Amino acid sequence: MNDFSEGDRVRIDIPEESDPDHEEYHGKHGRIVEILSDDAGAVTSDPRDSCLYRVTLETGEEADFRWRDLRPPIDGAMDS
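Quick look at the structure, then. Everything numeric here is computed off the predicted structure, so don't read it as measured data. (Residues numbered from 1 in each chain as written. Predicted model: local features only at pLDDT ≥ 70, side-chain atom pairs only at ≥ 80, totals over all residues. Heavy atoms only, no water.)

Further remarks concern the packing of aromatic side chains. In the structure shown here, the tally under the stated rule is two aromatic pairs. Arranged with centres 5.9 Å apart and planes meeting at 85 degrees, the rings of Phe4 and Tyr53 form a pair that is edge-to-face. Of this pair, Phe4 sits in the segment before β1 (9–12) while Tyr53 sits in strand β3 (residues 51–57), and the two are 49 residues apart along the sequence. Judged on exposure class, the residue Phe4 and its partner Tyr53 are both buried. (Phe/Tyr/Trp six-rings, centres within 6.5 Å; stacked < 30°, edge-to-face > 60°. Helix = DSSP H or I, 4+ residues; strand = E, 2+ residues; numbered from the N terminus. Buried < 20%, exposed > 50% of the residue type's maximum accessible area, 1.4 Å probe, protein only.)

Structure follows, in structure tokens:
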């Protein structure tokens, strides 16, 4: 059910400029440090929505994202 696993490097992809998180997170890279569960999948009828991915960004900030906001990283970003 999970599209990503702990330790995976990811890129935040929030293309909709009207999304309140777009300006702060779109295009940033990080690493998944924890996968949390909630009941959002029951509300949306999509079980993938029940996974919340906690990501440590390159800046050191942590933020939580749904699967739809995550993509594989652009090559060379956050290789360490």
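Below, the discussion takes up the nonpolar core. Core analysis: the biggest nonpolar cluster contains 14 residues, and Ile12, Tyr25, Ile32, Tyr53, Val55, Phe65 and Leu70 have the highest contact counts within it. Elements with a minimum of two residues in this core: β1, β3 and β4 (62–65). If you tally residues by element for this core, the top one is β3, at four residues. Sequence-distant contacts of Tyr25, defined by excluding residues within four places in its chain, comprise Ile12, Ile14, Leu57, Glu61, Ala63 and Phe65. (Core = buried A, V, L, I, M, F, W, Y, C linked by side-chain atoms within 4.5 Å. Contact = heavy atoms within 4.5 Å.)

A word on the environment of Asp21. Its place among the elements puts Asp21 in the loop between β1 and α1 (22–25). Contact partners of Asp21, with chain neighbours within four places excluded, come to Ile14 and His26.

Attention now goes to the pattern of salt bridges. According to the stated counting rule, one finds four salt bridges in the structure shown. Between Glu34 and Arg54 there is a salt bridge, with its nearest N and O atoms 3.6 Å apart. Taken together, the residues Glu34 in strand β2 (residues 29–37) and Arg54 in strand β3 connect sequence positions 20 residues apart. Counted as one network, the salt bridges with shared partners bring together Glu34, Arg54 and Asp64. (Salt bridge = Lys/Arg side-chain N within 4 Å of Asp/Glu carboxyl O.)

We now examine the pairing of β2. As paired elements, β1 and β2 share three bridges and run antiparallel to each other. From the neighbouring strand, Arg9 faces β2, where its bridge partner is Arg31. Summarising the sheet, β2 and β3 pair through seven bridges and their orientation is antiparallel. Looking across to β3, one finds that Gly30 is bridged to Leu57. (Pairing = 2+ DSSP bridges.)

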